[in-house]
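Per-entry structural report
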Amino acid sequence: MGRLSALFDPETVAVVGATDREGAVGRAIFENLRGEFQGEVVPINPSRDEVLGLECYPDVSSAPPIDLAVVVVPPDIVIEAIRDIADGGIQNVVVITAGFSETGGEGAERERRLREIADEYDLNVVGPNSLGIMSTPIDMNATFGPEDAAEGSISFMSQSGAFITAVLDWANEQGIGFQDVISLGNKTVLDETDFVREWGDDPDTDVIIGYLEGIDDGDEFIETARGVTDDTPIVLVKAGRTDAGAQAASSHTGAIAGSERAYETGLEQAGVIRANSVQELFDYARALSGLPAPDRDGVAVVTNAGGPGVLTTDAVGDSRLRMADFTDGTIDALTEAMPEEANVYNPIDAIGDADVERFGEALEIALEDPNVGSAVVVSAPTAVLQYDELAETVIEKREAHDKPVVTSLMGGQRARAAEEVLREFGIPNYFDPARAVAGLDALARYREIRERTVDDPTAFDVDRERAREIVARATRRDDNRLGVESMDLLEAYGIPTPAGEIVDDPDRGREVAEGIEGDVVMKIVSPDISHKSDIGGVKVGVAEEDVYDAYEDLVARARNYQPDATILGVQIQEMVDLEAATETIVGMNRDPQFGPLLLFGLGGIFVEILEDTSVRVAPIGEDEARGMVDEIRAAPLLRGARGREPADIEGVVETIQRLSQLVTDFPAILELDINPLVAGPDGVQAIDLRLTVDTEEL
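What comes next is a walk through the structure. (Residues numbered from 1 in each chain as written. Predicted model: local features only at pLDDT ≥ 70, side-chain atom pairs only at ≥ 80, totals over all residues. Heavy atoms only, no water.)

It is worth spelling out a negative patch on the surface at this point. A surface patch of negative charge is lined by Glu514, Asp519, Glu544, Glu545, Asp546, Asp549 and Glu552. Tracing the chain through its elements places Glu514 in helix α19 (residues 506-514). (Patch = residues over 30% accessible without salt bridge, like charges linked within 9 Å, V, L, I, M, F, W, Y side chains within 5 Å. Areas by Shrake-Rupley, 256 points an atom, 1.4 Å probe, with all protein chains shown as cover. Salt bridge = Lys/Arg side-chain N within 4 Å of Asp/Glu carboxyl O. Lys, Arg positive; Asp, Glu negative; His and termini not counted. Charge placed at Lys NZ, Arg CZ, Asp CG, Glu CD. Helix = DSSP H or I, 4+ residues; strand = E, 2+ residues; numbered from the N terminus.)

We now examine the packing of aromatic side chains. If you walk through the whole model with that rule in mind, you get 11 aromatic pairs. Relative to Trp199, the ring of Phe195 has its centre 5.7 Å away and its plane inclined at 40°; by these criteria the two rings are tilted. In this pair, Phe195 and Trp199 both sit in helix α6 (residues 192-200), four residues apart, roughly one turn of the helix. In terms of burial, Phe195 and Trp199 fall into one category: buried. (Phe/Tyr/Trp six-rings, centres within 6.5 Å; stacked < 30°, edge-to-face > 60°. Buried < 20%, exposed > 50% of the residue type's maximum accessible area, 1.4 Å probe, protein only.)

On to the nonpolar core, then. Of all hydrophobic cores here, the largest spans 82 residues; its most connected members are Phe178, Ile209, Val235 and Leu288. Broken down by element, this core gets its largest block of residues, eight residues, from helix α16 (residues 433-451). Apart from the residues lying within four places of it in its own chain, the contact partners of Val235 are Val207, Ile208, Ile209, Gly210, Ile273, Ala275, Leu281, Tyr284 and Leu288. Within the second largest apolar cluster, 51 residues are counted, among which are Val51, Phe221, Ala270 and Val272. (Core = buried A, V, L, I, M, F, W, Y, C linked by side-chain atoms within 4.5 Å. Contact = heavy atoms within 4.5 Å.)

Structurally, Leu598 can be placed in strand β26 (residues 595-602). Spatially, the C-alpha atom of Leu598 lies 19 Å from that of Leu638, the residues being 40 residues apart in sequence. Every residue in contact with Leu598, bar those within four places of it in the chain, is listed here: Gly587, Met588, Ser614, Val615, Arg616, Ala618, Ile620, Met628, Ile656, Leu659, Ser660 and Val663.

This brings us to the sheet that holds strand β12 (residues 207-212). The strands that make up a sheet are held in pairs by hydrogen bonds between backbone atoms, and each pair lies either parallel or antiparallel. In space, the seven strands of this open sheet follow the order β9-β8-β11-β10-β12-β13-β14, with mixed pairing throughout. The open sheet has two edge strands with one neighbour each: β9 (140-143) and β14 (273-275). Taken over all neighbouring pairs, the strand axes of this sheet differ in orientation by 20° on average, direction set aside. Of the strand pairs in this sheet, β12 and strand β13 (residues 234-238) are connected by five bridges, and their pairing is parallel. Looking at β13, one finds that Leu212 is bridged to Lys238. (Pairing = 2+ DSSP bridges. Axes fitted to C-alpha atoms, helices over the stretch in contact; angles between N-to-C directions.)

Another aspect to go through is the pairing of strand β28 (residues 669-680). With 11 of 12 residues buried, β28 is to be regarded as a mostly interior element. In this sheet, β28 lies alongside strand β25 (residues 582-591) in antiparallel orientation, the contact comprising seven bridges. In the sheet register, Glu583 faces β28, and the bridge partner there is Val678. In this structure, β28 lies alongside strand β30 (residues 689-693), joined through five bridges in antiparallel fashion. From the neighbouring strand, Ile669 faces β30, where its bridge partner is Val693. Across four bridges, the pairing between β28 and strand β29 (residues 683-686) is antiparallel.

We now examine the sheet that holds strand β1 (residues 12-16). Strands sit in the order β2-β1-β5-β6-β7 across an open sheet of five strands; the sheet is parallel. The open sheet is flanked by β2 (40-44) and β7 (124-126), the only strands paired with a single partner. Along the sheet, successive strands turn relative to each other by an average axial angle of 20°, direction set aside. Pairing geometry for strand β6 (residues 92-95) and β7, over three bridges, is parallel. For Val93, the partnering residue across the bridge sits in β7 and is Val125.

For the rest of this paragraph, the subject is the side chain of Arg286. Looking at where Arg286 falls in the secondary structure, it is placed in helix α10 (residues 278-290). For Arg286, a relative accessible area of 14% gives the class buried. Contact partners of Arg286, with chain neighbours within four places excluded, come to Ile176, Pro428, Asn429, Tyr430 and Arg435.

Moving on to the pattern of salt bridges. Using the criterion set out here, one finds 46 salt bridges in the structure. The residue Arg27 makes a salt bridge to Glu31 at a minimum N-O spacing of 3.1 Å. In this pair, Arg27 and Glu31 both sit in helix α2 (residues 25-36), four residues apart, roughly one turn of the helix. The exposure class of Arg27 is buried, given its relative accessible area of 14%.

Right under this line is the structure:
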C-alpha cells in the first residue's frame, strides 16, 4: 500500500463536530461509524460532554491519539479546526463541510487557506464538500449516506456524493461489493490521480472505478494511470461534456479538438476503459473483477433459445470480439453430443428441451476449441432446466478451462439464487445478452491495454533559442497571433517548408520570384484574415512577370474585405506539386486539463467539413505518431490507393513528432495549425502556419 493506506485503515477516527442532534450530519456520520467500525470512534465538540453515550472532547489536543479526523463543523470554523488537527499531528483528514469554492469568492478564499495548511503540514485531505469515505475490510463508514457498502474487490471514487448514495443502494440490491469508497468533493488536496495511484498499489483492489466531472491534471493522470493499468484495470464514467477546451478557438484544430475530444483521447492514452453509463460502468467492473482476460477474441455462444442466440451474435458483431470459428473436431464432437435438431455451429443452439447435462457438454466442447477465447451461456427458463444446477456446471467448466465465461440466465426471481452462486465464483450474470458480451469486450480491451507499449518521445536536435525569439514576436503585436511570417519557427524545429519570403512591396516580390524556379504561389499575409482562399487572397501558378500586378491585386482584395486588417505583406512561395500529393493538417490545441492536444488529418479547405482527424495528448513517440496517421479514414490516400504513388509517410510521422516536441517545449503556444502539410512521394512540406500565443507565459 502507498501513502494513503492509513486513510483507509485507521484504528481511531475522530468526528470533529459530532453531535446527538436529530437530523444533523455530525450525528449521521457518528452513528454510521459506531455501527460496525472495528476501531475506536472519538467525538470532538466543545459544546458537548458526551455524544450518544461516549465521552466528548473539546478539541483534538485533549483527545486520545487519532489516526483519521472527519470534519463536519460550520464553514466559518473549518480552517480553525484543520489547524487544530494539524497541530495535533493528525495527517489524514476528511472535510465533509461544504461552503468552499463551489459557493463563490469567500468560499474560494477559505479553500485557498485550507490548501495552504495542507501544504504546510503535509496533510492528506479529502474534500471539502465530501460525503466521506468507506473501507469495508474494517467496516468503516465515515459518511453521512444511508447505506453501508458490501465487501468486495472494487474501489470506487466519485466527484458526486449523491451518486455514491444512489449507487450503493443499487449495488447492495445487486450483490456488488467494494473495497474502498471515496467521495472526492472539491479535490482541494487529494484528487483522482492520488487514489488511482493508491489503489494501484493495493493488492486487494481488483478494479478501480469512478464517476468524474473533471480531471485536474491530465498529464499526471495519464502517466499515473498508464503505470497502474499494467496490473489493475480502471473504468470511468466521465460526465460534464463541455466545449471549454475549444472556447474562442481561432484555429482549425481548436474548433475540432474541444474538451470532450481531449478527455476521450487522454483517457484512451491513459489505458482507462471509458463507460458511457452507470450500467456499463458496473457491467465492465463485474467482469474485470472476477475473470481472466481472454487470450484471443473468438467467442462461443451456448444457448437453448434461437432468438437470444441471434441477439448475442449481433452483440458480438458490434464489439471488438468475433464469433469463434469452430474446428472440424469441435463440430464433429458437438454433432455427436447434441440432438439432430440442434445447431452445432456458433452460436450453439442446444434447443429448448436442453437440460443441465446438455448445456454442460456443449460448453465443455466449446471451451476445448483452440479458437475460443471466451464463452457466453444464454438461457431462457424452461421446465426441464434448473438454473442453480446450471450455475454449478458453468462454474465447473470455467474453472477447468481457465477461460472467461459470462452468463445471461434470462428471467426474474427464478435466476436470483443461481446469480448469487455465480457471483461467489466471479462469474457475472446479465439479464440482457448484449450486456454479457459487453463484459467480455471489457476483458478483451483490458488485455489490449496491458499488451500495448508506449515508446518514449524522440528528442530531435532543434534550435530552441531561435524558436523562442520567433514566438516572442507575439509580444510586439496588437493581438497574440502569428502567421506565415513565422514559418521559420517550423524550420527551427526541422519541419520542411518551401522556398520563399514575405515581402512588403511588389518590386521585392518580383526579385524573390526570380530566385525561385518556375511559377510561384502568392498569399496575403495578415493575422486578421484566417481564410485567405475565401476572399481571393491566394494566387497559384503566378509567372515572374505577373508578380507585380498579382501583389497589388492581393493587397486590394484584402483591403476591400477588411479595411482595418493589419497587412504584413505578401508571401512569395515555391510551387508544390499537389497533383501527386495529399493535403494534410498537423495542429495543436492546448486543453485546460490535458495540455497540448495534437491533431492530424486530411487538410486543406475541407478540414472542418470532413473532420477526418486523429488526436493525441503530447508529448508522443513514434508509435503514437504513426497511429495518428493510420487512424484517419483517408490513410489509404497516403499509402497510394488506386494507383497513386505512396506519400512519404515517414516524413509525416516525423513532422508530428517534431510538432509534439515544439508545443511541449513552449507551453506559451495555445493553438497551432500547419495547414496544409503537403505529403508527396518525395517528402513533406508545411505550406501555411498560424498560431496563438499566451504572451504572459513567455
